[in-house]
Amino acid sequence: QLQLAEPGARSPQPGAPLRLSCAASRTISSINAIAWYRQTPGKEREPVATFTSGGTTNYRDSVKGRFTISRDNAKNTVYLQMNSLKPEDTAVYYCNANYLGNVFWGQGTRVTVSS
């Protein structure tokens, strides 16, 4: 069993930075397949930033150069640093991990980018 805790809703201004955190209920040092997804109403949940099992990162084209996924194994926490936010980034952001053959999700953080 793995639980992923995310922060509450955020409402950053366009162009502003925002860092989301995902606190795991157990050590993540051995969990390499970790990612951030996002979803808007009526749309499929889509991957935004991914840590592969090989330790490399992958980003959706629309966020390349603006978003960065990182991890702090000592704190059992995964981060998503979002810079130069745009209204199009408005979505619910979910932390995701594959552990013991199962997929686990955070509860989601609603991010609304508006003036």
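These numbers come from a predicted model, not from an experiment. (Residues numbered from 1 in each chain as written. Predicted model: local features only at pLDDT ≥ 70, side-chain atom pairs only at ≥ 80, totals over all residues. Heavy atoms only, no water.)

## Details of the state of the cysteines
Part 1 of the argument: Tallying each qualifying case throughout the model produces 1 disulfide.
Part 2 of the argument: Paired by a disulfide, Cys 22 and Cys 95 hold their sulfur atoms 2.1 Å apart. Of note, the bridge from Cys 22 to Cys 95 carries an S-S torsion of about -80 degrees and is left-handed in sense. One end of the pair, Cys 22, is in strand E2 (residues 18-24); the other, Cys 95, is in strand E8 (residues 91-99), and 73 residues separate them in sequence. The two residues Cys 22 and Cys 95 agree in class, both being buried. (Disulfide = S-S within 2.5 Å. Helix = DSSP H or I, 4+ residues; strand = E, 2+ residues; numbered from the N terminus. Buried < 20%, exposed > 50% of the residue type's maximum accessible area, 1.4 Å probe, protein only.)

## Some words on unusual backbone geometry
Part 1 of the argument: Within the chain, Ser 84 stands out as a residue other than glycine whose phi angle is a positive 50 degrees.
Part 2 of the argument: Classification of Ser 84 by relative accessible area gives partly exposed; the value is 41%.
Part 3 of the argument: Of note in the backbone geometry, Leu 100 takes a positive phi value of approximately 55 degrees without being a glycine.
Part 4 of the argument: Mapping Leu 100 onto the fold places it in the loop between E8 and strand E9 (102-105).
Part 5 of the argument: Note on Leu 100: relative accessible area 67%, which makes it exposed.

These figures capture arrangement, not role.
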